[in-house]
Amino acid sequence: MKFKNPVSVKWIAEFSEATIIGNTSGIATGINEIHQVEPGDIVFVDHPKYYDKCIHSAATVILINKKAECPDGKTLLIVNDPFEAYLKLVNHFRPFTPSLTAISETAVIGEGTTIMPNIYIGNNVVIGKDCIIYPNVTILDHCILGNNVIIQAGTVIGSDAFYYNKKTNRDVHYKKMKSCGRVVIEDYVEIGAGCTIDRGVSGDTIIGAGTKIDNLVQIGHDTEIGKNCLFAGQVGIAGATKIEDEVILWGQVGISKTLTIGKGAIVYAQSGVKDSIEGGKVYFGSPVEEAREKMKEFIWIKRIPDLWNKVMGKKV
Amino acid sequence: MKFKNPVSVKWIAEFSEATIIGNTSGIATGINEIHQVEPGDIVFVDHPKYYDKCIHSAATVILINKKAECPDGKTLLIVNDPFEAYLKLVNHFRPFTPSLTAISETAVIGEGTTIMPNIYIGNNVVIGKDCIIYPNVTILDHCILGNNVIIQAGTVIGSDAFYYNKKTNRDVHYKKMKSCGRVVIEDYVEIGAGCTIDRGVSGDTIIGAGTKIDNLVQIGHDTEIGKNCLFAGQVGIAGATKIEDEVILWGQVGISKTLTIGKGAIVYAQSGVKDSIEGGKVYFGSPVEEAREKMKEFIWIKRIPDLWNKVMGKKV
Amino acid sequence: MKFKNPVSVKWIAEFSEATIIGNTSGIATGINEIHQVEPGDIVFVDHPKYYDKCIHSAATVILINKKAECPDGKTLLIVNDPFEAYLKLVNHFRPFTPSLTAISETAVIGEGTTIMPNIYIGNNVVIGKDCIIYPNVTILDHCILGNNVIIQAGTVIGSDAFYYNKKTNRDVHYKKMKSCGRVVIEDYVEIGAGCTIDRGVSGDTIIGAGTKIDNLVQIGHDTEIGKNCLFAGQVGIAGATKIEDEVILWGQVGISKTLTIGKGAIVYAQSGVKDSIEGGKVYFGSPVEEAREKMKEFIWIKRIPDLWNKVMGKKV
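**Some points on the overall build of chain A**
Looking only at helices and strands, one finds five helices and 34 strands in chain A. In terms of its C-alpha atoms, chain A occupies a principal-axis envelope of roughly 80 × 55 × 40 Å. The buried share among the 316 residues of chain A stands at 54%. Long-range contacts, defined as pairs at least 24 residues apart, comprise 25% of the intrachain contacts of chain A with a sequence gap of at least 6.

Set out below in structure tokens:
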């Protein structure tokens with residue numbers, strides 16, 4: 001999420017009741033996810049495992065729950081609970097102000113674009129030229145669609161991330177991490193019916209130009225999809241995963257979070273991907289292996305009875 | 001389903017053209033599913049396998065197709081086809097009278113709740129305080145939402161149970177069992193985009209407080225979900241299953257009908273659960289086993305070629 | 001797709017800039033898919049693998065990119081790119097003219113049918129008698145519903161086929177094959193909530209009488225489903241597959257394209273079907289085998305450690 005106007009780190013420190021370390025006269029221009037941060041961004045971290053990664057990322061401001069050494073020019077804001085500080089910032093800079101008209105007055109819709117009935121288009125949505133948005137589609141606040149995009153009926157663009165912070169106190173078990181990110185859909189993307197594309201938590205969910213997505217596909221928050229990919233029906237992709245260009249996923253494939261799927265990888269139907277996979281290869285299975293290896297495995301399994309009979313000296 | 005006012009068993013016997021056995025002066029207060037029955041309920045049974053269970057359940061009235069001994073204080077109503085008698089009762093006590101306005105006049109919506117555009121809210125729906133109902137959501141008759149509930153766009157609450165009676169006569173192969181139950185969603189539940197939650201057939205589908213559900217999740221009729229569960233995208237749960245508290249289901253998990261998933265069980269992505277599983281353990285596979293055992297299996301399969309070479313004395 | 005009025009092959013040849021071979025005075029009545037063609041139909045083919053099948057099909061006119069021998073009475077129209085010629089014909093005979101009112105004036109809705117709020121019904125849709133169409137359903141142009149059909153909330157009937165032509169030129173990687181076919185739903189079909197049923201590319205997607213479909217089910221283009229089938233939640237069926245009568249698919253089953261599933265086949269949950277399967281049998285696994293065989297396999301896998309210990313002479 002980019003702020004409308006840059007904000008001084010001093011103001012953010014006061015607002016967040018944070019101890020400031022490092023550059024006290026800096027400026028922040030937005031909040032972002034660690035895998036997408038740019039200079040000017042605030043990033044937040046509450047787990048020691050990610051301290052170093054965040055402090056030494058491109059981010060300019062680090063909301064953190066531990067005193068640490070601050071690289072030159074950066075600002076560390078030390079708070080007890082970076083998660084709560086994040087929520088306070090989001091509620092301030094992007095409060096929940098839903099449009100109660102079906103097509104928000106602040107939405108911008110390009111020339112030649114067809115908007116069919118029963119559609120919801122939220123605040124600050126931008127839709128390019130020559131798009132077709134079919135009935136009963138929901139496009140929520142701040143999402144961006146390029147030119148020549150087709151969204152089939154009933155699809156939801158910009159639902160909240162499925163992202164909670166587990167609390168040990170009794171009254172709230174899981175606390176919602178508010179999403180202030182966007183969905184950005186590039187030119188010539190086509191999305192089927194009944195799909196759900198979550199917005200980024202603080203970054204963007206991106207669907208690259210020319211990618212075609214079939215029906216009932218789920219795409220998690222902050223996932224980046226390359227150009228000219230092809231996803232068949234009922235594929236599900238968890239959050240913050242990177243799918244490179246020209247990847248083909250067949251029906252009902254599931255992909256876990258924070259992985260990378262290499263360029264041109266092909267994953268056969270119903271496979272489950274739990275670790276990153278290299279591009280240019282064909283995969284199958286749950287969990288996936290290279291399809292060739294997996295196919296051999298099926299043959300080996302069929303040979304167990306022969307082995308048994310040979311070893312045990314009897315038919316079973 | 002509870003009746004608006006209690007009904008005498010005598011009236012029900014006449015209405016159903018039933019032979020009455022046992023208490024002829026009793027009162028019925030509703031119809032319910034066998035796993036949810038309470039005193040006052042009518043339950044119906046047409047299969048010998050379930051006769052005893054129904055007769056000795058908490059139900060007060062048993063619609064049955066067989067003369068049997070009646071426990072003290074209860075009423076047996078003997079009919080040829082309890083299924084048809086059930087349908088006749090449902091059509092009488094809960095006839096199909098859909099609201100043709102988008103938000104029914106009989107719906108009650110709590111203070112501080114945001115209702116976004118293009119939503120359908122049916123008759124006698126009750127929605128608590130401080131909820132957010134996103135666009136294009138459908139909440140059908142008699143469903144109940146607690147406070148601080150969030151329903152993402154495009155989700156359907158209270159669709160009919162997928163429940164049919166197979167007929168041997170030619171003209172109707174599967175006859176629909178009309179759903180008169182409800183969906184009851186407790187406080188702080190959040191449901192993702194594009195989900196479908198079926199109502200109970202005659203009982204309730206319940207989602208316990210604090211449970212968070214991701215996108216494109218299917219929950220079958222009369223399923224009871226505990227508190228603080230976490231279900232990832234594209235999970236599917238069939239009917240009348242009981243999920244205890246704090247269960248975590250990862251993406252695309254499928255769970256069969258009438259099972260119990262024990263408290264705190266974790267089921268890895270794409271697993272298929274066909275029998276009840278104990279709480280406090282981690283599961284994987286289709287059909288599931290304990291994840292640790294399943295992982296060992298993958299290693300054993302990789303060893304078959306070595307075994308083969310050793311036994312057969314040759315490389316393959 | 002049938003033309004409103006028959007069209008001379010001479011006109012089509014000129015319109016498509018095609019070289020005409022064979023019968024130059026014939027008449028075409030529509031465009032169709034190869035597995036559904038009837039006399040009068042135009043079929044198109046651009047791959048040598050399918051030349052013979054198309055030329056010797058029931059089709060009367062063959063749009064083809066190769067000079068070939070023409071059977072008596074038929075017409076071959078030779079063009080460089082039959083795919084582009086097809087698109088030009090579709091844009092001419094079925095241009096994209098979406099209704100911008102929620103219920104098109106050209107839609108025909110039968111007596112006793114209930115249309116609930118927030119529904120979209122497109123041009124030339126025909127809905128029979130005594131149907132129930134729940135809220136937020138989308139029924140797109142030219143689709144046909146019989147009598148006593150129930151469509152649960154949020155379902156999409158007639159979304160475009162997921163069908164693209166891969167281009168080697170740089171600017172368009174995948175070019176959309178426009179769908180001009182229909183969805184035809186016969187009497188007493190019931191479709192759950194959140195389903196997506198794609199229209200045929202040039203033919204029809206057909207759902208046979210009495211078939212019942214649960215929630216979040218995806219049905220691909222030109223798929224033909226028989227009578228009295230039962231599909232549980234989250235089933236996905238790819239394009240141009242034939243499902244014969246009384247097939248039962250349990251939850252999350254996936255079926256690949258252009259297969260035949262024989263009459264009365266039962267496929268257990270989460271199975272994946274990649275080749276045609278015979279009727280009257282029970283299947284399981286991904287890829288499927290007969291369930292009995294697959295179950296044995298699970299037992300054999302459990303025996304590998306015993307084999308290993310026996311052969312290797314040690315416990316592992």
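We are not done yet, so read on.
**Concerning the interface of chain A and chain C**
Every contact between the two is made by 34 residues of chain A and, on the other side, 37 residues of chain C. For the side of chain A that touches chain C, a count of residues per class yields 16 nonpolar, 15 polar and three charged.

**Looking at the relation of the copies chain B and chain C**
There are two copies of the chain, and a rotation about an axis plus a shift along that axis relates them. The two copies are related by a screw operation: chain B maps onto chain C through 120° of rotation and 0.0 Å of translation along the axis, at an RMSD of 0.0 Å. A rotation of that kind, with that shift, is consistent with a three-fold axis.

**Topic: the packing of helix α5 (residues 304-312) of chain A against helix α5 (residues 304-312) of chain B**
Between two packed helices, both the angle of their axes relative to each other and the distance between the axes serve to describe the pair. Two elements in contact, α5(A) and α5(B), have axes separated by 11 Å at closest approach and are oriented at 40°. The interaxial crossing formed by α5(A) with α5(B) has left-handed handedness. Between α5(A), through I304(A), L307(A), K310(A) and V311(A), and α5(B), the contact on the second element is made entirely by I304(B), L307(B), W308(B) and V311(B).

**A few points about the interface of chain B and chain C**
Each partner contributes residues to the interface: chain B has 37 residues there, and chain C has 34 residues. For the side of chain B that touches chain C, the residue count by class is 16 nonpolar, 16 polar and five charged.

**Thoughts on the domain arrangement of chain A**
Residue and element names in this part refer to chain A. Domain annotation for chain A reports domain 1 (2-93) and domain 2 (108-291). For domain 1 and domain 2, the distance between their C-alpha centroids amounts to 28 Å. Taken together, the residues of the side of domain 1 that touches domain 2 sort by class into four nonpolar, three polar and one charged.

**What to know about unusual backbone geometry**
All names here are of chain A. Each neighbour pair has its own omega, and for S286 with P287 the value is 0°, a cis peptide bond. Structurally, P287 can be placed in the loop between β33 (282-284) and β34 (289-290). The residue D130 is not glycine, and still its phi comes out positive at about 55°. Take D130: it is sitting in the loop between β10 (126-127) and β11 (132-133).

**Comments concerning the sheet that holds strand β32 (residues 272-273) of chain B**
Residue and element names in this part refer to chain B. What the eight strands build is an open sheet, ordered β9-β12-β15-β20-β23-β26-β29-β32; its pairing is parallel. Among the strands making up the open sheet, the edge pair consists of β9 (120-121) and β32. Where strand β23 (residues 218-219) meets strand β26 (residues 236-237), two bridges bridge the pair, whose relative direction is parallel. Looking at the pairing, I219 lines up with I237 of β26.

**Observations concerning helix α5 (residues 304-312) of chain C**
In an α-helix, one turn spans 3.6 residues, which is why side chains three or four residues apart end up on the same side. Where α5(C) is concerned, the buried positions are I304(C), L307(C) and W308(C). Taken end-on, α5(C) shows its buried residues confined to a sector of 100°, consistent with a single buried face. Residues of α5(C) that are exposed and point more than 90 degrees away from the buried face comprise D306(C) and N309(C). Close packing links the buried residues of α5(C) with α5 of chain A, α4 (291-302) and α5 of chain B together with α4 (291-302) of chain C.

**Points about the sheet that holds strand β25 (residues 230-231) of chain B**
Residue and element names in this part refer to chain B. Read across the open sheet, the 10 strands follow the order β8-β11-β14-β19-β22-β25-β28-β31-β33-β34; overall the sheet is mixed. Each end of this open sheet is capped by a strand with a single partner; those strands are β8 (114-115) and β34 (289-290). Two strands pair when backbone bridges link them, and strand β19 (residues 190-191) and strand β22 (residues 212-213) are joined in this way by two bridges, in the parallel orientation. Residue pairing in the sheet places E190 in a bridge with K212 of β22.

**Thoughts on the nonpolar core**
Ranked by size, the top nonpolar core spans 195 residues in total, and within it V267(A), V267(B) and V267(C) carry the most contacts. With residues near it in sequence (within four places) discarded, V267(A) still touches L249(A), W250(A), V253(A), V273(A), Y283(A) and V288(A). With 29 residues, the next largest nonpolar core counts A13(B), V45(B), V79(B) and V90(B) among its residues.

**Focus: the confidence of the model for chain A**
Averaged over every residue, the pLDDT of chain A is 95; residues scoring 70 or more account for 98%. Overall fold confidence for the complex sits at a pTM of 0.97, while the interface term, ipTM, reaches 0.96.

**Concerning the pairing of strand β3 (residues 27-31) of chain C**
Residues and elements named next belong to chain C. As judged from the three bridges shared by strand β1 (residues 2-8) and β3, these two strands associate in the antiparallel manner. By the bridge assignment, S8 is partnered in β3 with I27. In terms of strand pairing, β3 meets strand β4 (residues 41-45) through two bridges, oriented parallel. Within β4, the position partnered with I31 by the bridge is I42.

**Observations concerning the environment of M295(A)**
Here M295(A) is to be found in helix α4 (residues 291-302). A residue is classified by how many C-beta atoms lie within 10 Å of it, and M295(A), with 13 of them, is partly exposed.

**Side note on helix α3 (residues 82-93) of chain B**
All names here are of chain B. Taking 1.5 Å per residue, 12 residues should reach 16 Å; α3 reaches 16 Å between its end C-alpha atoms and fits that length. Looking at α3, one finds that the buried residues are P82, A85, Y86, L89 and V90. Taken down its axis, α3 places every buried residue within 135° of arc, on the same side. Residues of α3 that are exposed and angled more than 90 degrees away from the buried face: N91 and H92. Where α3 is buried, its residues touch β3 (27-31), β4 (41-45) and β5 (61-64).

**Focus: the environment of I78(C)**
All names here are of chain C. As for its placement among the helices and strands, I78 is situated in strand β6 (residues 75-78). Expressed as a C-alpha distance, the spacing of I78 and G200, which sit 122 residues apart in the sequence, is 24 Å. Those residues in contact with I78 that lie beyond four places of it in its chain are A18, T19, I21, I64 and K67.

**So, the environment of I115(B)**
Residues and elements named next belong to chain B. Within the secondary structure, I115 is located in strand β8. You can call I115 buried: it has 20 C-beta atoms within 10 Å. Counting along the chain gives 17 residues from I115 to I132, while the straight-line C-alpha distance between them is 6.4 Å.

Each value, and the rule that gives it
Residues numbered from 1 in each chain as written. Chains lettered and ligands numbered in written order. Predicted model: local features only at pLDDT ≥ 70, side-chain atom pairs only at ≥ 80, totals over all residues. Helix = DSSP H or I, 4+ residues; strand = E, 2+ residues; numbered from the N terminus. Buried ≥ 20, exposed ≤ 12 C-beta atoms within 10 Å, placed from the backbone. Contact = placed C-beta atoms within 7 Å. Nonpolar A, V, L, I, M, F, W, Y, C, P; charged D, E, K, R; others polar. Least-squares fit on C-alpha atoms with pLDDT ≥ 70 in both. Axes fitted to C-alpha atoms, helices over the stretch in contact; angles between N-to-C directions. Left-handed = near helix turned anticlockwise from the far one by under 90°. Domains from an automatic or database assignment. Pairing = 2+ DSSP bridges. Arc of directions from axis to C-beta. Core = buried A, V, L, I, M, F, W, Y, C linked by C-beta atoms within 7 Å. pLDDT = per-residue confidence, 0-100. Expected span 1.5 Å × (residues − 1).

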